[in-house]
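# Analysis of the macromolecular model
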Amino acid sequence: MRAISRFSSHLKAEAINTKRRVFSDGDFGTAYLFPLIHKCLSLPRYNEDLDEKDGAILQACRLACALFLAEIKRMFGINAVNSGLQTQKLRTYLANSKGHWGDLQPLKLWCLAMGGVESLGSLQVWYEHELREEGANMRLDSWEEVENKVKAILWFDECHTPLLVELGLGIKGVSGLNALGRRSYASHNSPLRG
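Residues numbered from 1 in each chain as written. Predicted model: local features only at pLDDT ≥ 70, side-chain atom pairs only at ≥ 80, totals over all residues. Heavy atoms only, no water.

### Some points on the overall build of the protein chain
Along its length, the protein chain carries eight helices and zero strands. Secondary structure elements in the protein chain, listed N-terminal to C-terminal, are α-α-α-α-α-α-α-α. Burial analysis of the protein chain (194 residues in total) assigns 46% to the buried set. Long-range contacts, defined as pairs at least 24 residues apart, comprise 67% of the intrachain contacts of the protein chain with a sequence gap of at least 6. For the protein chain, the exposed surface amounts to about 10,200 Å²; the carbon and sulfur share of it is 51%. (Helix = DSSP H or I, 4+ residues; strand = E, 2+ residues; numbered from the N terminus. Buried < 20%, exposed > 50% of the residue type's maximum accessible area, 1.4 Å probe, protein only. Contact = heavy atoms within 4.5 Å. Areas by Shrake-Rupley, 256 points an atom, 1.4 Å probe, with all protein chains shown as cover.)

### With respect to helix α6 (residues 121-137)
The first and last C-alpha atoms of α6 sit 25 Å apart over 17 residues, in line with the 24 Å expected at 1.5 Å per residue. For α6, the full list of buried residues reads L123, Q124, W126, Y127, E128, E130, L131, E134 and G135. Directly beyond the C-terminal end of α6, a positive phi value near 60° is found at R139. (Expected span 1.5 Å × (residues − 1).)

### Remarks on the packing of aromatic side chains
Here a ring pair, both rings aromatic, is described through the centre-centre distance and the interplanar angle of the planes. Counting across every chain of the model gives seven aromatic pairs. Look at F28 and Y32: their rings are 4.6 Å apart centre to centre, the planes differ by 40°, and that puts the pair in the tilted class. Linking F28 with Y32, this pair stays in helix α2 (residues 26-42), spanning four residues, or about one helical turn. For Y32, a relative accessible area of 36% puts it in the partly exposed group. (Phe/Tyr/Trp six-rings, centres within 6.5 Å; stacked < 30°, edge-to-face > 60°.)

### Quick word on the state of the cysteines
Throughout this description, disulfide means a covalent bond between two cysteine sulfur atoms. With the rule as written, the count across this model stands at zero disulfides. Considering cysteine sulfurs only, C61 is the nearest to C111, which forms no disulfide, with 4.1 Å between them. (Disulfide = S-S within 2.5 Å.)

### A look at helix α1 (residues 2-17)
Its 16 residues place the ends of α1 23 Å apart at the C-alpha level, agreeing with the 22 Å of an ideal helix rising 1.5 Å per residue. Looking at the buried side of α1, the elements it contacts are α2 and α3 (52-76). K19 lies just past α1 and shows a positive phi near 50°.

Listed below in structure tokens is the structure:
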């Protein structure tokens, strides 16, 4: 996560310095993104020092990092990204680690957000529900508070914020789809409960 955070900060600076031209530089994108994605996807799946619940937490974080990078990869136009398998696996790891995150609850919220912004259909509904529940468990009273929590972990505003806003609006219970099949709404400041 530290390496991805450093890359995200570097990319933000490059986007400002180049007036967004960096996103048309495939060499820049592949030079930074591919090694990070490879690292996320090639971390060992099992560690004998970890119990099953801790292993599930580690794997959930690994997959959430890969999903975080998927949206940035799309910004560069590098190959198509299909996150379906990763979001399904992430759901399994999150379900297997339920109730064991302790002080890492904000990290769990971030993992749920990454899964939610990258999923569609019934899987997205599951992530929406879990985000609502986790937010309520953390005593967060609005979607804005959820956004602030996940943005504090690891975030790239330009691509992740619009998707998180759409996801939050889905939690509000309003229905509707835009041309891409994604939810689209005008306002996103809604309570988590009620």
